[in-house]
Amino acid sequence: MKKIHTLLILIIAFLLTGCGVYSFTGASIPAEAKTVSVAYFPNNANLVQPMLSSVMTNTLRDYFMNQTSLAEVENNGDLAIEGEITGYSTSPTAITGDQTAALNRLTITVNVRFFNKYDESKNFEQKFSQYEDYSSTLDLNAVQDQLMETIAEKLCEDIFNKAVVNW
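Note that this is a predicted model, so its numbers are computed, not measured.

On to the overall build of the chain. Scanning the chain from terminus to terminus reveals three helices and seven strands. Along the chain, helices and strands appear, N-terminal first, in the series α-β-β-β-α-β-β-β-β-α. Relative to its full complement of 167 residues, the chain shows a buried share of 38%. Once local pairs closer than 6 in sequence are excluded, the contacts in the chain between residues at least 24 apart make up 65%. Working note: accessible area of the chain is about 9,800 Å², and carbon and sulfur atoms make up 55% of it.

See below:
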């Protein structure tokens with residue numbers, strides 16, 4: 001019985017380390033990759049919210065640190081992400097019977113370039129866009145910070161999935 005138990009542990013260990021580094025998040029990262037760099041995302045949107053660049057950049061850095069075992073480096077990571085914020089806009093989404101908006105939508109768009117030093121076929125440049133709706137009875141300034149954080153999390157999940165989960 002002890003031999004079967006040991007054999008089972010060895011098989012599981014072999015399967016988990018066979019073709020690269022895997023995590024419980026579904027990420028498939030080359031075994032050689034040890035570092036990730038996330039460059040600052042400048043805000044090039046027509047409507048500029050001053051804190052959005054920091055929120056987006058820091059959220060993306062934190063996302064990769066929390067979801068992988070990669071070490072963060074300033075530049076030239078084995079996996080490297082750069083980009084810019086290209087859109088920040090609000091629009092009415094749900095119109096009531098008296099032609100007033102019941103909900104407004106904040107939309108943020110980013111353009112992302114991803115580089116994988118060990119597998120260039122995974123490199124990409126792509127736009128990602130996410131939104132959050134909020135009540136039209138609320139002033140955007142009152143809910144803007146929370147909306148930006150929520151949207152940044154969604155964007156980071158999309159970027160992470162495209163970069164290392166390969167959806």
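Having seen it, we continue.
On to the pairing of strand β6 (residues 101-116), then. Relative to β6, strand β5 (residues 79-95) runs antiparallel, the two being bridged by 15 bridges. In the sheet register, P92 faces β6, and the bridge partner there is N104. As paired elements, β6 and strand β7 (residues 124-135) share 12 bridges and run antiparallel to each other. Bridge assignment links T109 to a residue of β7, and that residue is S129.

This structure, assessed with the given rule, holds four aromatic pairs. Between F124 and F128, the aromatic rings sit 6.3 Å apart at their centres with planes inclined by 65°, giving edge-to-face as the arrangement. Neither residue differs from the other here; F124 and F128 are each classed as buried. An aromatic cluster is defined as three or more aromatic residues linked by ring pairs; in this entry it consists of Y63, F64 and F160.

The next subject is the side chain of Q130. Residue position: Q130 is located in strand β7. Among the polar contacts listed, one links the side chain of Q130 to the side chain of D158, at a separation of 2.7 Å. Contact partners of Q130, with chain neighbours within four places excluded, come to L106, T107, I108, I151, K154, L155 and D158.

Located in the positive-phi region is N76, a residue other than glycine, with phi close to 55°. Relative to the elements of secondary structure, N76 occurs in the loop between β4 (71-72) and β5.

Taken together, five strands build an open sheet; the order of strands is β4-β3-β5-β6-β7 and the sheet is mixed. Only two strands of the sheet have a single neighbouring strand rather than two, namely β4 and β7. Here strand β3 (residues 35-38) runs beside β4; their pairing, made up of two bridges, is parallel. The residue bridging V36 from the neighbouring strand is E72, located in β4. Of the strands in this sheet, β3, β4, β5 and β6 touch helix α2 (residues 52-67), which is tilted by about 120° from β5. Packing of helix α3 (residues 140-165) onto the sheet brings it into contact with β5, β6 and β7, and relative to β7 it is tilted by some 145°.

Procedures and definitions
Residues numbered from 1 in each chain as written. Predicted model: local features only at pLDDT ≥ 70, side-chain atom pairs only at ≥ 80, totals over all residues. Heavy atoms only, no water. Helix = DSSP H or I, 4+ residues; strand = E, 2+ residues; numbered from the N terminus. Buried < 20%, exposed > 50% of the residue type's maximum accessible area, 1.4 Å probe, protein only. Contact = heavy atoms within 4.5 Å. Areas by Shrake-Rupley, 256 points an atom, 1.4 Å probe, with all protein chains shown as cover. Pairing = 2+ DSSP bridges. Phe/Tyr/Trp six-rings, centres within 6.5 Å; stacked < 30°, edge-to-face > 60°. Polar contact = N/O pair within 3.5 Å; in protein donor to acceptor, adjacent residues only side chain to side chain. Axes fitted to C-alpha atoms, helices over the stretch in contact; angles between N-to-C directions.

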